[in-house]
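Examining the three-dimensional arrangement
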Amino acid sequence: MSTEIEVTEAATVLAAAEAGAGEDASSQPPNVEAAGDAQPPAASEGAASASPPPLRYLVLTGFGGYDKVKLQSRPAVPPAPGPGHLTLRVRACGLNFADLMARQGLYDRLPQLPVTPGMEGSGVVIAVGEGVNDRKVGDRVMVLIRSGMWQEEVTVPSAHTFLMPEAMTFEEAAALLVNYITAYMVLFDFGNLRPGHSVLVHMAAGGVGIAALQLCRTVENVTVFGTASASKHEVLKENGVTHPIDYHTTDYVDEIKKVSPKGVDIVMDPLGGSDTAKGYNLLKPMGKVVIYGMANLLTGPKRNLMAMARTWWNQFSMTALQLLPANRAVCGFHLGYLDGEVELVSGVVARLLALYNQGHIKPHIDSVWPFEKVADAMKQMQEKKNVGKVLLVPGPEKEN
(Lines give C-alpha, C1' and ligand atoms only; values in the text may rest on other atoms or scores of the structure.)
Protein backbone atom coordinates (compact mmCIF):
# COMPACT_ATOMS: atom_id res chain seq x y z
CA MET A 1 0.00 0.00 0.00
CA SER A 2 1.36 3.40 -0.93
CA THR A 3 2.04 6.13 1.57
CA GLU A 4 -0.63 8.32 -0.04
CA ILE A 5 -3.31 5.67 0.50
CA GLU A 6 -2.19 5.13 4.07
CA VAL A 7 -2.43 8.86 4.82
CA THR A 8 -5.91 8.99 3.23
CA GLU A 9 -7.01 5.99 5.27
CA ALA A 10 -5.71 7.50 8.49
CA ALA A 11 -7.33 10.84 7.73
CA THR A 12 -10.66 9.11 7.07
CA VAL A 13 -10.52 7.37 10.43
CA LEU A 14 -9.63 10.65 12.11
CA ALA A 15 -12.38 12.60 10.36
CA ALA A 16 -14.95 10.03 11.41
CA ALA A 17 -13.87 10.31 15.03
CA GLU A 18 -15.68 12.60 17.43
CA ALA A 19 -13.56 15.25 19.07
CA GLY A 20 -12.77 14.54 22.70
CA ALA A 21 -10.00 14.41 25.24
CA GLY A 22 -8.80 11.13 26.74
CA GLU A 23 -6.30 9.96 29.31
CA ASP A 24 -6.25 6.22 28.40
CA ALA A 25 -2.53 5.72 27.84
CA SER A 26 -2.57 1.96 28.13
CA SER A 27 -1.81 -0.38 25.25
CA GLN A 28 -4.33 -2.84 26.68
CA PRO A 29 -7.88 -3.04 25.27
CA PRO A 30 -10.34 -1.02 27.37
CA ASN A 31 -12.60 -4.01 28.15
CA VAL A 32 -9.86 -6.12 29.65
CA GLU A 33 -11.14 -5.19 33.11
CA ALA A 34 -8.28 -6.75 35.06
CA ALA A 35 -5.86 -4.43 33.33
CA GLY A 36 -7.44 -1.49 35.17
CA ASP A 37 -8.24 0.60 32.10
CA ALA A 38 -11.23 2.87 31.62
CA GLN A 39 -14.20 1.59 29.64
CA PRO A 40 -14.64 3.10 26.15
CA PRO A 41 -17.05 6.03 25.86
CA ALA A 42 -20.53 5.18 24.67
CA ALA A 43 -21.28 5.93 21.03
CA SER A 44 -23.78 8.72 20.37
CA GLU A 45 -27.21 7.95 18.96
CA GLY A 46 -26.36 9.64 15.69
CA ALA A 47 -23.31 7.49 15.22
CA ALA A 48 -25.10 4.28 16.15
CA SER A 49 -26.65 3.78 12.73
CA ALA A 50 -23.25 4.01 11.04
CA SER A 51 -21.08 2.56 13.74
CA PRO A 52 -17.75 1.14 12.54
CA PRO A 53 -17.07 -2.58 12.84
CA PRO A 54 -15.80 -3.80 16.21
CA LEU A 55 -12.07 -3.99 16.83
CA ARG A 56 -10.55 -7.43 17.36
CA TYR A 57 -7.79 -8.27 19.80
CA LEU A 58 -6.13 -11.34 21.30
CA VAL A 59 -6.26 -11.99 25.04
CA LEU A 60 -4.26 -14.30 27.26
CA THR A 61 -6.99 -15.50 29.62
CA GLY A 62 -4.93 -17.91 31.74
CA PHE A 63 -1.73 -19.91 31.85
CA GLY A 64 -1.48 -23.16 29.93
CA GLY A 65 -1.78 -24.43 26.38
CA TYR A 66 -2.50 -22.77 23.05
CA ASP A 67 -6.22 -22.44 23.86
CA LYS A 68 -5.50 -19.86 26.56
CA VAL A 69 -5.07 -17.14 23.91
CA LYS A 70 -8.51 -16.14 22.65
CA LEU A 71 -9.75 -13.76 19.94
CA GLN A 72 -12.22 -11.18 21.26
CA SER A 73 -13.71 -7.90 20.05
CA ARG A 74 -14.73 -4.55 21.49
CA PRO A 75 -16.75 -1.61 20.14
CA ALA A 76 -14.78 0.84 18.03
CA VAL A 77 -14.65 4.29 19.62
CA PRO A 78 -13.00 7.52 18.46
CA PRO A 79 -9.27 7.42 19.20
CA ALA A 80 -8.29 9.87 21.93
CA PRO A 81 -4.67 9.29 22.93
CA GLY A 82 -3.50 11.07 26.06
CA PRO A 83 -0.53 13.43 26.30
CA GLY A 84 2.64 11.97 24.83
CA HIS A 85 0.76 9.06 23.23
CA LEU A 86 -0.50 8.13 19.80
CA THR A 87 -2.99 5.65 18.37
CA LEU A 88 -2.29 3.46 15.38
CA ARG A 89 -4.02 0.89 13.22
CA VAL A 90 -1.92 -2.22 13.53
CA ARG A 91 -0.78 -3.95 10.35
CA ALA A 92 1.52 -6.66 11.69
CA CYS A 93 2.72 -8.00 15.06
CA GLY A 94 5.76 -10.00 16.08
CA LEU A 95 5.56 -13.35 17.87
CA ASN A 96 8.49 -13.92 20.22
CA PHE A 97 9.73 -16.71 22.44
CA ALA A 98 8.85 -14.56 25.44
CA ASP A 99 5.20 -14.76 24.33
CA LEU A 100 5.35 -18.55 24.53
CA MET A 101 6.85 -18.34 27.99
CA ALA A 102 4.21 -15.79 29.02
CA ARG A 103 1.45 -18.19 27.99
CA GLN A 104 2.89 -20.75 30.39
CA GLY A 105 3.31 -18.24 33.21
CA LEU A 106 7.10 -18.17 32.91
CA TYR A 107 7.64 -14.55 31.86
CA ASP A 108 8.13 -12.13 34.75
CA ARG A 109 7.39 -8.95 32.80
CA LEU A 110 3.79 -9.89 32.02
CA PRO A 111 1.07 -7.62 33.47
CA GLN A 112 -1.81 -9.11 35.45
CA LEU A 113 -4.20 -11.37 33.50
CA PRO A 114 -6.25 -11.06 31.39
CA VAL A 115 -3.85 -9.26 29.12
CA THR A 116 -3.23 -8.71 25.42
CA PRO A 117 0.27 -10.00 24.59
CA GLY A 118 2.66 -8.66 21.99
CA MET A 119 5.80 -6.57 22.45
CA GLU A 120 6.29 -5.31 18.91
CA GLY A 121 4.40 -4.42 15.79
CA SER A 122 3.86 -1.91 13.03
CA GLY A 123 1.06 0.23 11.70
CA VAL A 124 -0.25 3.64 10.65
CA VAL A 125 -0.80 6.54 13.05
CA ILE A 126 -4.46 7.63 13.17
CA ALA A 127 -4.35 10.07 16.11
CA VAL A 128 -1.74 11.89 18.19
CA GLY A 129 -2.04 13.24 21.71
CA GLU A 130 -1.00 16.55 23.19
CA GLY A 131 2.73 17.19 23.12
CA VAL A 132 3.49 14.74 20.32
CA ASN A 133 5.33 16.86 17.79
CA ASP A 134 7.53 14.32 16.00
CA ARG A 135 4.70 12.07 14.77
CA LYS A 136 1.65 12.86 12.66
CA VAL A 137 -1.42 11.15 11.30
CA GLY A 138 -0.43 8.90 8.39
CA ASP A 139 3.07 8.11 9.65
CA ARG A 140 4.15 4.50 9.31
CA VAL A 141 5.72 3.40 12.57
CA MET A 142 7.04 0.35 14.36
CA VAL A 143 6.45 -0.09 18.07
CA LEU A 144 8.30 -1.65 21.00
CA ILE A 145 6.27 -1.91 24.22
CA ARG A 146 5.92 -4.18 27.24
CA SER A 147 2.71 -5.85 25.98
CA GLY A 148 -0.51 -5.14 24.12
CA MET A 149 0.35 -5.17 20.40
CA TRP A 150 -1.84 -8.11 19.35
CA GLN A 151 -4.87 -6.01 18.44
CA GLU A 152 -6.24 -4.04 15.52
CA GLU A 153 -5.92 -0.63 17.15
CA VAL A 154 -3.57 0.36 19.97
CA THR A 155 -2.54 3.45 21.90
CA VAL A 156 1.13 3.61 22.92
CA PRO A 157 3.70 6.14 24.18
CA SER A 158 5.08 8.08 21.23
CA ALA A 159 8.62 7.62 22.58
CA HIS A 160 8.26 3.86 22.02
CA THR A 161 7.60 4.26 18.29
CA PHE A 162 10.08 4.54 15.43
CA LEU A 163 9.48 5.84 11.93
CA MET A 164 9.75 3.15 9.27
CA PRO A 165 12.09 3.60 6.28
CA GLU A 166 10.19 4.21 3.07
CA ALA A 167 11.25 0.88 1.56
CA MET A 168 10.40 -1.19 4.64
CA THR A 169 7.23 -3.30 4.64
CA PHE A 170 4.93 -3.56 7.65
CA GLU A 171 5.92 -7.19 8.04
CA GLU A 172 9.62 -6.36 8.06
CA ALA A 173 9.00 -3.62 10.62
CA ALA A 174 7.12 -6.02 12.90
CA ALA A 175 10.04 -8.47 12.63
CA LEU A 176 12.86 -6.04 13.33
CA LEU A 177 12.84 -4.57 16.81
CA VAL A 178 12.93 -7.38 19.39
CA ASN A 179 15.16 -9.75 17.43
CA TYR A 180 17.63 -7.26 16.00
CA ILE A 181 17.95 -5.11 19.13
CA THR A 182 18.65 -8.28 21.12
CA ALA A 183 21.19 -9.62 18.63
CA TYR A 184 22.91 -6.24 18.24
CA MET A 185 23.30 -5.52 21.94
CA VAL A 186 24.43 -9.07 22.72
CA LEU A 187 27.04 -9.07 19.94
CA PHE A 188 28.31 -5.50 20.04
CA ASP A 189 27.49 -3.95 23.42
CA PHE A 190 28.27 -7.01 25.51
CA GLY A 191 30.27 -9.15 23.08
CA ASN A 192 32.46 -6.40 21.60
CA LEU A 193 32.43 -8.28 18.28
CA ARG A 194 35.53 -7.47 16.22
CA PRO A 195 37.23 -8.75 13.04
CA GLY A 196 38.68 -12.24 13.49
CA HIS A 197 36.32 -13.22 16.30
CA SER A 198 34.35 -16.47 16.47
CA VAL A 199 30.74 -16.73 17.65
CA LEU A 200 28.45 -19.58 18.71
CA VAL A 201 24.82 -18.82 17.86
CA HIS A 202 22.30 -21.22 19.39
CA MET A 203 18.90 -21.60 17.71
CA ALA A 204 20.51 -19.99 14.68
CA ALA A 205 17.44 -20.37 12.46
CA GLY A 206 15.16 -18.46 14.82
CA GLY A 207 14.38 -14.75 14.76
CA VAL A 208 17.28 -13.66 16.96
CA GLY A 209 19.52 -16.26 15.34
CA ILE A 210 19.01 -15.01 11.79
CA ALA A 211 19.44 -11.43 13.00
CA ALA A 212 22.73 -12.37 14.65
CA LEU A 213 24.00 -14.08 11.51
CA GLN A 214 23.29 -11.01 9.40
CA LEU A 215 24.94 -8.72 11.95
CA CYS A 216 28.03 -10.93 12.11
CA ARG A 217 28.42 -10.45 8.35
CA THR A 218 28.84 -6.70 8.91
CA VAL A 219 32.21 -7.43 10.57
CA GLU A 220 35.14 -8.83 8.60
CA ASN A 221 36.41 -12.37 9.04
CA VAL A 222 33.98 -13.56 11.72
CA THR A 223 33.63 -17.33 12.11
CA VAL A 224 30.09 -18.38 13.03
CA PHE A 225 29.05 -21.71 14.50
CA GLY A 226 25.28 -22.12 14.35
CA THR A 227 23.12 -24.85 15.88
CA ALA A 228 19.91 -25.94 14.15
CA SER A 229 18.21 -28.99 12.68
CA ALA A 230 19.92 -30.40 9.60
CA SER A 231 16.99 -29.38 7.39
CA LYS A 232 17.79 -25.70 8.11
CA HIS A 233 21.52 -25.82 7.39
CA GLU A 234 21.31 -24.53 3.83
CA VAL A 235 19.46 -21.43 5.00
CA LEU A 236 22.07 -20.93 7.71
CA LYS A 237 24.88 -21.09 5.17
CA GLU A 238 23.09 -18.57 2.96
CA ASN A 239 22.93 -16.21 5.96
CA GLY A 240 26.60 -16.51 6.88
CA VAL A 241 27.03 -19.54 9.14
CA THR A 242 30.52 -20.95 8.65
CA HIS A 243 29.92 -24.21 10.50
CA PRO A 244 26.29 -25.37 10.91
CA ILE A 245 25.83 -28.00 13.64
CA ASP A 246 22.91 -30.39 14.02
CA TYR A 247 22.41 -30.47 17.78
CA HIS A 248 20.06 -33.46 17.44
CA THR A 249 22.76 -35.82 16.22
CA THR A 250 26.06 -34.36 17.44
CA ASP A 251 27.54 -32.70 20.51
CA TYR A 252 28.08 -29.08 19.55
CA VAL A 253 30.97 -28.74 22.01
CA ASP A 254 32.86 -31.58 20.31
CA GLU A 255 32.11 -30.20 16.85
CA ILE A 256 33.40 -26.74 17.74
CA LYS A 257 36.55 -28.11 19.39
CA LYS A 258 37.36 -30.05 16.20
CA VAL A 259 37.46 -26.78 14.25
CA SER A 260 38.65 -24.41 16.97
CA PRO A 261 40.42 -26.23 19.83
CA LYS A 262 40.64 -23.03 21.88
CA GLY A 263 36.90 -22.42 21.58
CA VAL A 264 35.08 -19.22 20.64
CA ASP A 265 35.06 -15.54 21.60
CA ILE A 266 31.31 -15.08 22.06
CA VAL A 267 28.54 -17.50 23.02
CA MET A 268 24.96 -16.30 22.49
CA ASP A 269 22.96 -18.35 24.99
CA PRO A 270 19.14 -18.36 24.80
CA LEU A 271 18.95 -21.83 26.35
CA GLY A 272 20.01 -21.65 29.98
CA GLY A 273 20.46 -24.65 32.23
CA SER A 274 23.41 -26.93 31.52
CA ASP A 275 24.05 -25.23 28.17
CA THR A 276 25.30 -22.10 29.93
CA ALA A 277 28.08 -24.07 31.61
CA LYS A 278 28.96 -25.67 28.28
CA GLY A 279 29.12 -22.26 26.67
CA TYR A 280 31.30 -20.84 29.41
CA ASN A 281 33.75 -23.71 29.09
CA LEU A 282 33.93 -23.08 25.34
CA LEU A 283 35.21 -19.54 25.78
CA LYS A 284 38.66 -18.42 24.77
CA PRO A 285 40.53 -16.07 27.14
CA MET A 286 38.67 -12.73 27.20
CA GLY A 287 35.58 -14.48 25.82
CA LYS A 288 31.99 -13.73 26.85
CA VAL A 289 28.89 -15.84 27.26
CA VAL A 290 25.73 -13.72 27.08
CA ILE A 291 22.57 -15.30 28.48
CA TYR A 292 19.39 -13.82 27.00
CA GLY A 293 16.80 -16.57 27.43
CA MET A 294 15.72 -19.80 29.11
CA ALA A 295 14.38 -21.82 26.18
CA ASN A 296 15.22 -25.07 27.95
CA LEU A 297 12.26 -24.38 30.25
CA LEU A 298 9.86 -25.06 27.35
CA THR A 299 9.43 -28.68 26.36
CA GLY A 300 5.78 -28.64 25.24
CA PRO A 301 2.66 -26.50 24.99
CA LYS A 302 2.11 -26.61 28.77
CA ARG A 303 4.41 -25.97 31.69
CA ASN A 304 6.60 -28.97 32.52
CA LEU A 305 7.62 -28.98 36.18
CA MET A 306 10.30 -31.61 35.65
CA ALA A 307 11.90 -29.56 32.85
CA MET A 308 11.78 -26.48 35.05
CA ALA A 309 13.40 -28.28 37.96
CA ARG A 310 16.08 -29.79 35.72
CA THR A 311 16.89 -26.43 34.13
CA TRP A 312 17.17 -24.60 37.43
CA TRP A 313 19.15 -27.41 39.04
CA ASN A 314 21.67 -27.30 36.17
CA GLN A 315 21.80 -23.52 36.05
CA PHE A 316 25.30 -22.09 35.82
CA SER A 317 26.72 -20.61 39.00
CA MET A 318 30.14 -19.13 39.71
CA THR A 319 31.70 -16.96 42.40
CA ALA A 320 33.73 -13.83 41.73
CA LEU A 321 36.85 -15.59 43.00
CA GLN A 322 36.35 -18.34 40.42
CA LEU A 323 35.70 -15.84 37.65
CA LEU A 324 38.69 -13.65 38.36
CA PRO A 325 41.51 -15.94 37.13
CA ALA A 326 39.45 -17.29 34.21
CA ASN A 327 39.67 -14.08 32.13
CA ARG A 328 36.14 -14.65 30.87
CA ALA A 329 32.86 -12.78 31.26
CA VAL A 330 29.31 -13.92 31.99
CA CYS A 331 26.62 -11.42 30.98
CA GLY A 332 22.83 -11.31 31.15
CA PHE A 333 20.57 -9.48 28.71
CA HIS A 334 16.80 -8.93 29.07
CA LEU A 335 15.27 -6.43 26.65
CA GLY A 336 12.09 -6.27 28.71
CA TYR A 337 13.94 -4.56 31.54
CA LEU A 338 15.23 -1.82 29.23
CA ASP A 339 11.78 -0.39 28.54
CA GLY A 340 12.69 2.73 30.52
CA GLU A 341 15.99 3.24 28.69
CA VAL A 342 14.48 5.10 25.75
CA GLU A 343 17.65 6.91 24.69
CA LEU A 344 19.77 3.74 24.84
CA VAL A 345 17.32 1.64 22.83
CA SER A 346 16.63 4.44 20.34
CA GLY A 347 20.35 4.68 19.59
CA VAL A 348 20.47 0.97 18.79
CA VAL A 349 17.39 1.26 16.56
CA ALA A 350 19.00 4.15 14.67
CA ARG A 351 22.07 2.03 13.96
CA LEU A 352 19.91 -0.90 12.87
CA LEU A 353 17.87 1.26 10.49
CA ALA A 354 21.10 2.57 8.98
CA LEU A 355 22.21 -1.03 8.37
CA TYR A 356 18.80 -1.81 6.85
CA ASN A 357 18.97 1.20 4.52
CA GLN A 358 22.46 0.14 3.46
CA GLY A 359 21.20 -3.36 2.63
CA HIS A 360 23.25 -5.13 5.30
CA ILE A 361 20.31 -6.54 7.24
CA LYS A 362 16.82 -7.62 6.22
CA PRO A 363 14.33 -9.46 8.46
CA HIS A 364 13.69 -13.00 7.29
CA ILE A 365 9.95 -13.75 7.53
CA ASP A 366 9.10 -17.40 8.17
CA SER A 367 5.32 -17.18 8.12
CA VAL A 368 2.40 -14.78 8.57
CA TRP A 369 -0.75 -15.87 10.42
CA PRO A 370 -4.12 -14.14 10.96
CA PHE A 371 -5.29 -13.53 14.51
CA GLU A 372 -7.72 -16.43 14.14
CA LYS A 373 -4.79 -18.85 13.80
CA VAL A 374 -2.67 -17.62 16.70
CA ALA A 375 -2.50 -21.19 18.05
CA ASP A 376 -0.96 -22.41 14.80
CA ALA A 377 1.52 -19.53 14.85
CA MET A 378 2.61 -20.34 18.40
CA LYS A 379 2.89 -24.03 17.55
CA GLN A 380 5.08 -23.18 14.55
CA MET A 381 7.57 -21.49 16.86
CA GLN A 382 7.30 -23.79 19.86
CA GLU A 383 7.93 -26.89 17.73
CA LYS A 384 10.92 -25.08 16.19
CA LYS A 385 9.62 -25.36 12.64
CA ASN A 386 10.29 -21.74 11.82
CA VAL A 387 13.21 -20.27 9.94
CA GLY A 388 13.19 -16.59 10.86
CA LYS A 389 10.30 -14.54 12.20
CA VAL A 390 6.72 -15.66 12.84
CA LEU A 391 4.17 -12.84 12.49
CA LEU A 392 0.52 -12.22 13.32
CA VAL A 393 -1.70 -9.89 11.27
CA PRO A 394 -5.22 -8.55 11.90
CA GLY A 395 -6.09 -9.07 8.23
CA PRO A 396 -6.73 -12.21 6.17
CA GLU A 397 -4.39 -15.18 6.03
CA LYS A 398 -1.44 -15.07 3.67
CA GLU A 399 0.14 -18.00 1.90
CA ASN A 400 3.09 -19.35 3.92
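The rules we used
Residues numbered from 1 in each chain as written. Predicted model: local features only at pLDDT ≥ 70, side-chain atom pairs only at ≥ 80, totals over all residues. Heavy atoms only, no water. Helix = DSSP H or I, 4+ residues; strand = E, 2+ residues; numbered from the N terminus. Buried < 20%, exposed > 50% of the residue type's maximum accessible area, 1.4 Å probe, protein only. Contact = heavy atoms within 4.5 Å. Areas by Shrake-Rupley, 256 points an atom, 1.4 Å probe, with all protein chains shown as cover. Salt bridge = Lys/Arg side-chain N within 4 Å of Asp/Glu carboxyl O. Axes fitted to C-alpha atoms, helices over the stretch in contact; angles between N-to-C directions. Parallel < 35°, antiparallel > 145°, perpendicular 65-115°, else oblique. Left-handed = near helix turned anticlockwise from the far one by under 90°. Phe/Tyr/Trp six-rings, centres within 6.5 Å; stacked < 30°, edge-to-face > 60°. Nonpolar A, V, L, I, M, F, W, Y, C, P; charged D, E, K, R; others polar. Pairing = 2+ DSSP bridges. Expected span 1.5 Å × (residues − 1). Bend = angle between axes of the 7 residues up to and from the residue. pLDDT = per-residue confidence, 0-100.

1. Remarks on the overall build of the protein
When helices and strands are counted, the protein shows 12 helices and 15 strands. In the protein, which comprises 400 residues, the proportion classed as buried is 53%. At a minimum sequence separation of 6, the contacts of the protein that also span at least 24 residues come to 71%. Accessible surface for the protein amounts to roughly 17,700 Å². Of this, 55% is attributable to carbon and sulfur atoms.

2. Let's talk about the pattern of salt bridges
Under the criterion given, the structure shown has 12 salt bridges. For Asp339, the salt bridge is made with Arg109, and the minimal N-O distance between the two is 2.6 Å. Here the residue Asp339 occupies a position in the loop between strand 13 (329–332) and helix 11 (342–357), and Arg109 occupies one in the loop between helix 3 (97–103) and strand 4 (120–128), the gap between them amounting to 230 residues. The class of Arg109 is buried, set by a relative accessible area of 16%. Salt bridges here are not isolated pairs; linked through shared partners, they connect Arg56, Glu152 and Glu372.

3. Some words on the packing of helix 4 (residues 170–190) against helix 5 (residues 207–216)
When two helices pack together, their arrangement is given by the angle between their axes and by how far apart the axes lie. Helix 5 packs onto helix 4 with a crossing angle of 50° between their chain directions and a minimal axis gap of 8 Å. Between helix 4 and helix 5, the crossing angle belongs to the class labelled oblique. Viewed along their axes, helix 4 and helix 5 form a crossing whose handedness is right-handed. Counted together, Asn179, Tyr180, Thr182, Ala183, Tyr184, Leu187 and Phe188 of helix 4 and Gly207, Val208, Ala211, Ala212, Gln214, Leu215 and Cys216 of helix 5 form the full contact between these two elements.

4. Examining the packing of aromatic side chains
According to the stated counting rule, one finds two aromatic pairs in the structure shown. Aromatic pair Tyr184 and Phe188: ring centres 4.7 Å apart, planes at 40°, arrangement tilted. Here Tyr184 pairs with Phe188, and both are found in helix 4, just four residues apart, close to one helical turn. What makes Tyr184 buried here is its relative accessible area of 11%. Between Tyr280 and Phe316, the aromatic rings sit 5.0 Å apart at their centres with planes inclined by 40°, giving tilted as the arrangement.

5. Re the packing of helix 4 against helix 11
One way to put it is that helix 4 packs onto helix 11 with a least axis distance of 10 Å and a crossing angle of 110°. Here helix 4 lies roughly perpendicular to helix 11, going by the angle between them. Judged by residue contacts, Glu172, Leu176, Leu177, Tyr180, Ile181, Tyr184, Met185 and Asp189 of helix 4 engage Leu344, Val345, Val348, Val349, Arg351, Leu352, Leu353 and Tyr356 from helix 11. Residues belonging to the contact of helix 4 with helix 11 are distributed by class as follows: 13 nonpolar, no polar and three charged.

6. Quick look at the sheet that holds strand 10 (residues 243–245)
A sheet is described by the order of its strands in space; here six strands give the open sequence 10-9-8-11-12-13, paired in parallel fashion. A single partner strand is all that each edge strand has here, and the edge strands are strand 10 and strand 13. When strand polarity is set aside, the average angle formed by the axes of neighbouring strands in this sheet is 15°. By the bridge criterion, three bridges tie strand 9 (residues 223–227) to strand 10 in an arrangement that is parallel.

7. Points about helix 4
The end-to-end C-alpha separation of helix 4 is 30 Å, in line with the 30 Å expected for 21 residues at 1.5 Å each. A maximum bend of about 45° is found in helix 4 at Leu176. When you tally the buried positions in helix 4, you get 18 out of 21 residues, the bulk of the element.

8. A closer look at unusual backbone geometry
For residues other than glycine, phi is negative in most cases, and the peptide bonds are mostly trans. Cis geometry marks the peptide bond from Leu113 to Pro114, where omega comes out at -5°. The backbone of Met203 shows a phi angle near 50°, a positive value even though the residue is not glycine. For Met203, the location among the structural elements is in the loop between strand 8 (198–201) and helix 5. Looking at Met203, the relative accessible area reads 25%, which means it is partly exposed. We note that Lys384 has phi near 55°; this positive angle belongs to a residue other than glycine. Locating Lys384 in the fold gives a position in the loop between helix 12 (374–382) and strand 15 (389–393).

9. Regarding the confidence of the model for the protein
Chain-level statistics for the protein give a pLDDT mean of 88 and a share of 87% at 70 or above. Within the model, the stretch residues 1–25 combines pLDDT values under 50 with 37 contacts to residues more than four positions away or in other chains. The low-confidence segment residues 32–48 (pLDDT under 50) makes 23 contacts with residues lying over four places distant or belonging to another chain.

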